[in-house]
Structures are given as structure tokens and as C-alpha cells.
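Geometric and topological summary
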Amino acid sequence: MSYLESLRSNLLALTESAASLDAIEEVRVRALGKASDIAGLMKTLGGMSPEERQVKAPLIQGLRAEVTEAIAAKKQALEAAALDAQLASETLDMSLPVASLPQGSVHPVSQVMDELAEIFADLGFAVATGPEIEDDWHNFTALNIPESHPARAMHDTFYFPEDKARDGRRMLLRTHTSPVQIRTMMNQEPPIRIIAPGRTYRSDSDATHTPMFHQVEGLVIDRGIHMGHLKWTLETFVKAFFERDDVVLRLRPSYFPFTEPSAEVDVGFSRENGRRVIGGSDGWMEILGSGMVHPRVIAACGLDPNEWQGFAFGCGIDRLAMLKYGMDDLRAFFDGDLRWLRHYGFASLDVPTLSGGVGA
Ligand code: DAH
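Note that the coordinates shown come from a computational prediction; the quantities given were computed from them, not determined experimentally. (Residues numbered from 1 in each chain as written. Predicted model: local features only at pLDDT ≥ 70, side-chain atom pairs only at ≥ 80, totals over all residues. Heavy atoms only, no water.)

1. Points about unusual backbone geometry
Put simply, P190 and P191 share a cis peptide bond, and its omega is 0°. For P191, the location among the structural elements is in the loop between α8 (179-187) and β5 (192-201). The amide bond that connects E260 to the next residue, P261, takes the cis arrangement and shows omega of -5°. Tracing the backbone through its elements, the reader meets P261 in strand β8 (residues 259-272). In the Ramachandran plot, N144 falls in the positive-phi region, its phi being about 65° despite a non-glycine side chain. Unusually for a residue other than glycine, E243 sits at a positive phi of about 55°. (Helix = DSSP H or I, 4+ residues; strand = E, 2+ residues; numbered from the N terminus.)

2. Brief notes about the packing of helix α9 (residues 227-242) against helix α11 (residues 317-325)
Contact pair α9 / α11: the axes reach a minimum separation of 10 Å and the direction vectors enclose 50°. By the angle between their axes, α9 is oblique relative to α11. Here α9 contributes F237, F241 and F242 to the contact with α11, which in turn contributes L320, L323 and K324. In terms of residue class, the contact of α9 with α11 is built from five nonpolar, no polar and one charged. (Axes fitted to C-alpha atoms, helices over the stretch in contact; angles between N-to-C directions. Parallel < 35°, antiparallel > 145°, perpendicular 65-115°, else oblique. Contact = heavy atoms within 4.5 Å. Nonpolar A, V, L, I, M, F, W, Y, C, P; charged D, E, K, R; others polar.)

3. Observations concerning the domain arrangement of the protein chain
Taken as a whole, the protein chain is organised into domain 1 (3-82) and domain 2 (108-344). Computed from C-alpha coordinates alone, the two centres of domain 1 and domain 2 are separated by 81 Å. (Domains from an automatic or database assignment.)

4. So, the site of the ligand
By nearness alone, 15 residues border the ligand, and H176, S178, R202, Q215 and E217 come closest of all. The side chain of H176 places a nitrogen or oxygen atom 2.8 Å from a nitrogen atom of the ligand. Contact distances for the ligand include 2.6 Å between an oxygen atom and a side-chain N or O atom of E217. Computed on the free molecule, the ligand has an accessible area of 350 Å², of which 90% lies beneath the protein chains in the complex. Taken together, the elements giving at least two residues each to the shell around the ligand come down to β6 (212-222), β10 (283-293) and β11 (309-316). Residue classes in the shell around the ligand are distributed as four nonpolar, nine polar and two charged. (Near = heavy atom within 4 Å. Polar contact = N/O pair within 3.5 Å; in protein donor to acceptor, adjacent residues only side chain to side chain. Areas by Shrake-Rupley, 256 points an atom, 1.4 Å probe, with all protein chains shown as cover.)

5. A word on the side chain of S178
Locating S178 in the fold gives a position in the loop between β4 (169-173) and α8. Looking at S178, its side chain comes within polar contact range of the side chain of H176, at 3.4 Å. Residues in contact with S178, not counting those within four places in the same chain, are L143, E217 and F258.

6. Focus on the environment of A72
Residue position: A72 is located in helix α4 (residues 50-89). Since its relative accessible area comes to 46%, A72 is described here as partly exposed. Each C-alpha atom, one on A72 and one on R28, is 8.9 Å from the other, the two residues being 44 residues apart in sequence. (Buried < 20%, exposed > 50% of the residue type's maximum accessible area, 1.4 Å probe, protein only.)

7. Quick word on helix α1 (residues 3-17)
The first and last C-alpha atoms of α1 sit 21 Å apart over 15 residues, in line with the 21 Å expected at 1.5 Å per residue. Taken together, the buried positions of α1 are L7, L11 and T15. Here the buried residues of α1 occupy an arc of 65° about the axis, which is enough to place them on one side. Across α1 from its buried face, at more than 90 degrees, point the exposed residues E16 and S17. Residues of α1 that are buried in the fold lie against α2 (21-32), α3 (37-44) and α4. (Expected span 1.5 Å × (residues − 1). Arc of directions from axis to C-beta.)

Here is the structure:
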């Protein structure tokens, strides 16, 4: 066997037997590096006669090309094997039982929002949304709460710093979901039937108030709408929500700048084993504010109040959840305590349906 042939079979055997990426790198340096036999052979080409070089150069260069290629191929194979091994070791076993792992649950507020959407969808209401960072006009002015109105002070508003881009006006965190009424009337032709659940903010904190809380707004705009429609809608909603037919509502005259007339709505409760239970009329609990949309609010949205009338209502979602599911401290809603969430949370597959019982 010639020297070249034995060098070739030697290097190819070494290449073949390399078992790791480190090993193949060692082989590469040994076979093709500066101190390698092949590099030494390449150097001899310069001292050869042209005739000899013509014969030897293709042999030496061919050997170098063949070994280079073999090493590259081996390296690629080793890399693929390393990747396969890594993927195999990182495999997730999707069939592993999850019972022992922490499981998420649906927060009671989300559950109640889904229940509301389900109940009102059945009555032909769509769900509307609006921004939580609002301007003064949508949150107050268009709702018939002008700048000097005492209701503004009562809202404990969180204001942003003055904004140069807005003539120095200050944006705010919406204090109620009522601005969604305005946005809906401005963007949509009547007839309108919407509910708008969402986050609201006021600088207030105790057992029944948190700086961030949830409300749902309801709005109906059509021709010939009157208080009877409002009362029937609220009664139907409250009965479906608390899943009791003996729910009694009481409408008390009240005042909101954006409704005329305005009514606060109480729901009757009875006492069972010392606990308050919705239904009956042993006592009354206030659950929402409502009224006929003020003609000025309708006009502010560019509609003719002589043609279009409507009713609106606003209700605290957290309070609804507390009444229905029996929590007594609102602050716990936002503590993120896993024990509380496990106790009061809902399974993600328990989607509320009217037929299944919305709170099932
Ligand atoms: N926006 C009122 C609040 O946050 C609640 C409310 C009362 C909304 C009466 C209404 C309504 O739409 O008609 O206190």
C-alpha cells in the first residue's frame, strides 16, 4: 500500500470512529491542521518539478478534499445525533396525570361577567367595551356632569398628570362604566341594546371598596322605551342571575345626573340560619342604580331625544359575586391568594349556560 493510501485509510478510520463533537474536532486538527501529514504533503508540492507536480498534486489535493468532506459529514451526523438526544431528553409527556399539579381556576369576577353576558345575550344584548383610560368628556361632561358638578368630587377620581398634547388636560382612570354608553351611542345607530362589563377605578379602600373594581353598564336606546321596560329587564336579569323565581325588586326614587327619572334598585332577602339569602322580603339590599337616559345625554351623543329614548343601569360586579357566592371581604378578590382562588374559583370547563344554570 502506498504512503498516500495508508494515510487515507488511517484518517478515514479515525474520522469514522470519532464518537463525539469534541473527538471529531480533534481528528480535524490532526488530519488537516498546520502540523498534519496532509499539510506536510502540500508543502512538498512547491519543491517538485512541474511534471511530478502534475501527477502528485491531484492525488494530494484529492486526499485532502476527501478527508475534509468525510470529517464534515461525520460532524453533521454527530450534531444531528446530539440534537436528537437533546430533544428526547426535553420531551414533555402530555399524558402525565395533572391531578397532582397546581391547577388554575376561573376567578369569580370572570365567572360573573360570563354569566351576565349569557343572561343578557338571551335578551338580545351585545357586549360593548371602552377604554379604562378615559377623558373627562366621556367620563363626566357627556354624562351631564359638568365641571362644577358635585358628583365629580364624589367620584374620587385618579387623574393622570396634565398632558401637553391635549391642551394641558388630564386623562383619568374611568370611575364607572357609564362612558361606554356615550361611546356606544356615538358609534352605533339605534336601536341599541348593550351591556358593558369592565374595570373601574376610584381612590377608595375598605372591606367593601377597592381602588380597582368591576361594574357592568346596561343601555337600551330605541323608540318608545319607558320605565316598564327597565323594570322587566332588571327583574328578568336578577331572577336568572340568582337562579330564584321569588326574587323581589324595589325601585326607590334616586338621583343620577345622567338619568331622569333615576331609581336605585333594592333586592329583597330573607334569613336562613342567620344568613342573608336573596329572595323574599325580610329586608332590602341595594344592588344597582338605573333610570331613563337623560335627554341631555342623548343629545350630547348627537341623537334627537324626541325620537330616541332609553334606559340605563350600572351595577357592581364584585358585589354581585359576593352576594351570589357568599364572600364577605372584597379585598380578598384581588389578593391572588391561591387558597381563596381554589375555594371560590370555577373550573374552566364550567361555562355558564342558561339551560345548565348560569352559576353551575
Ligand atoms: N355610573 C353609576 C356609578 O358608578 C352607576 C349608574 C347609575 C349607572 C345609574 C347607570 C345608571 O347607567 O343609570 O355610580
